[in-house]
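Tertiary structure, described
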Amino acid sequence: MAERLPRYRPLGVSIPGVPSVNYAQTGRAQAQVFGTLAASLDRMSEFVYERKKTEALAEGAEYGAMNAPTKQQLEQAGQDAEKVLPGDKTTVFGRAARKAALDTAQANMEAATRKEITRLRLDGIKNNVSVTEFTTQVQSTIDGYAEALDQVSPVAGVNFRAGMAANANSSVLAYSEKLLSEQQRQAKIKAELDADAIITGPPDAEPGNSSIDDVF
């Protein structure tokens, strides 16, 4: 008969259990880490973008102001006036340059228009130009500059006309008052000369030949 093997007897040593892993919780923790990292990267990208945008705005505005077109350049360009205007309508730099160029051109033209109106006023007083004619000259000057701006921006043209309207009105009013004052002064001088001629007689009259009866 075969010998029977002794039965296994436990030694009383227990094997520790393998800890369970919460995969869902681990996944959420990893997702949170990745989310925080992504948010940080987004903020960094946004910061860099805003910085570059600010730089582009400043550089575009400076470039546009320095290269603003003149009235003569816009008139010579005609339908191609957009080509002489710095910038574009698509990029940050381009939009900033275009806006600055238009603003500078408008400001320069307003200054030139005021100077031209002052010249017209002085010449008008000197040559005794009527108020109606002076008003026409002022309006023609304003229209000439405004039409140049219309070539590149109708809005700029409208703003220019609106900005110069008050100046034109005040200039015409001041001219009317100055012209009236000058006419009154001239009339007074003429009246004094006429009165002196009546009292002293004609230049070729012999002294003593005039009398008070000749005056009336």
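A brief report on the enclosed structure follows. Numbering of residues starts from 1 in every chain and runs along the sequence as written. At least 70 in pLDDT is required for a residue's local features to be given in this predicted model, at least 80 for side-chain atom pairs to be given and counted, and no such filter applies to totals for whole chains, interfaces and linings, which use all residues. Each side-chain value is worked out from all heavy atoms of the structure, with water and hydrogens disregarded.

Side note on the overall build of the protein chain
Numbering of helices and strands starts at the N terminus; helices are DSSP runs of H or I of at least 4 residues and strands are runs of E of at least 2. Of the regular secondary structure elements, the protein chain holds six helices and zero strands. Along the protein chain, helices and strands appear, N-terminal first, in the series α-α-α-α-α-α. For each residue, the accessible area found with a 1.4 Å probe, counting protein chains only, is set against the maximum for its type, and the residue is called buried under 20%, exposed over 50%, and partly exposed in between. Counting only residues that meet the buried cut, the protein chain has 24% of its 216 residues in that class. A sequence separation of at least 24 residues applies to 65% of the contacts in the protein chain between residues at least 6 apart. Reported accessibility uses the Shrake-Rupley method at a 1.4 Å probe radius. Residues are deemed covered only where the shown protein chains occlude them. Surface exposure of the protein chain reaches about 16,100 Å², of which carbon and sulfur atoms provide 57%. Note on definitions: a residue-residue contact is assigned when non-hydrogen atoms from the two residues lie within 4.5 Å.

Brief notes about the packing of aromatic side chains
Only rings of Phe, Tyr and Trp enter the pairing, Trp through its six-membered ring, and a pair is recorded when the two centres are within 6.5 Å. The plane angle decides the type: under 30 degrees is stacked, over 60 is edge-to-face, the rest tilted. With the rule as written, the count across this model stands at three aromatic pairs. Consider the rings of Phe134 and Tyr175, whose centres lie 4.0 Å apart with planes at 15°: the pair is stacked. Here Phe134, found in helix 4 (residues 131-150), pairs with Tyr175, found in helix 5 (residues 154-200); they are 41 residues apart in sequence, far enough to count as distant. No difference in accessibility class separates Phe134 from Tyr175, as the two residues are buried. Taken together, a centroid distance of 6.4 Å and an interplanar angle of 40° make the contact between Tyr145 and Phe160 tilted. Of this pair, Tyr145 sits in helix 4 while Phe160 sits in helix 5; the two residues are 15 residues apart in sequence, bridging distant segments of the chain. The ring of Tyr145 carries the charged tip of Lys71 above its face, separated from the ring centre by 5.1 Å. The rule for a charge over a ring is simple: NZ of Lys or CZ of Arg within 6 Å of the ring centre, and within 35 degrees of the ring normal.

Some words on the packing of helix 3 (residues 92-127) against helix 4
One can describe the packing of helix 3 onto helix 4 by two numbers: an axis separation of 10 Å at closest approach and a directional angle of 160°. Classified by the interaxial angle, the pair formed by helix 3 and helix 4 is roughly antiparallel. Considering the relative orientation of helix 3 and helix 4, their crossing is right-handed. Seen from helix 3, the contacting residues are Ala105, Gln106, Met109, Ala112, Thr113, Glu116, Ile117, Leu120 and Arg121; seen from helix 4, they are Phe134, Gln137, Val138, Thr141, Ile142, Tyr145, Ala148 and Leu149. Only Asp, Glu, Lys and Arg are considered charged in this grouping, and only Ala, Val, Leu, Ile, Met, Phe, Trp, Tyr, Cys and Pro are considered nonpolar; every other residue, Gly among them, is considered polar. Residues of the contact of helix 3 with helix 4, tallied by class, amount to 11 nonpolar, four polar and two charged. Lines fitted to the C-alpha atoms define the axes, with helices restricted to the stretch that makes contact. Angles between their N-to-C directions range from 0 to 180 degrees. The scheme is simple: roughly parallel for angles under 35 degrees, roughly antiparallel for over 145, roughly perpendicular for 65 to 115, oblique for anything else. Put simply, a crossing is left-handed when the front helix is turned counterclockwise from the back one by less than a right angle, and right-handed when it is turned clockwise.

Focus: the pattern of salt bridges
The working definition used for a salt bridge is a side-chain nitrogen of Lys or Arg within 4 Å of a carboxyl oxygen of Asp or Glu. Counted under the stated rule, the structure contains seven salt bridges. For Arg98, the salt bridge identified is with Glu82, shortest N-O distance 2.8 Å. Pair noted here: Arg98 is in helix 3 and Glu82 is in the loop between helix 2 (71-77) and helix 3, with a separation of 16 residues, a long-range link.

Some words on helix 3
In an α-helix, one turn spans 3.6 residues, which is why side chains three or four residues apart end up on the same side. By this rule, a helix spans an expected 1.5 Å times one less than how many residues it contains. Helix length check: helix 3 (36 residues) gives 52 Å between terminal C-alpha atoms against 52 Å at 1.5 Å per residue, within 8%. Regarding helix 3, its N-cap is Thr91, as a side-chain oxygen of that residue lies 2.8 Å from the backbone nitrogen of Gly94 further along. One or two positions beyond helix 3, positive phi appears at Asn128, with a value near 60°. The definition of a polar contact used here is a pair of N or O atoms within 3.5 Å, where within protein one atom must be able to donate a hydrogen and the other to accept one, and adjacent residues in sequence count solely through side-chain atom pairs.

Examining the nonpolar core
Side-chain atoms within 4.5 Å link the members of a nonpolar core, which is a set of buried Ala, Val, Leu, Ile, Met, Phe, Trp, Tyr and Cys residues. If you look at the biggest cluster of nonpolar residues, it comprises 28 residues, and the most contacted ones within it are Met109, Phe134 and Phe160. Secondary-structure elements contributing two or more residues to this core are helix 2, helix 3, helix 4 and helix 5. Those residues in contact with Phe160 that lie beyond four places of it in its chain are Gln106, Met109, Glu110, Thr113, Ile142, Tyr145, Ala146 and Leu149.

Remarks on helix 4
With 20 residues, helix 4 should cover 28 Å at 1.5 Å per step; its first-to-last C-alpha distance of 28 Å lies within 8% of that length. For helix 4, the set of buried residues is Phe134, Val138, Thr141, Ile142, Gly144, Tyr145, Ala146, Ala148 and Leu149.

Purely spatial values, then, with no claim about function.
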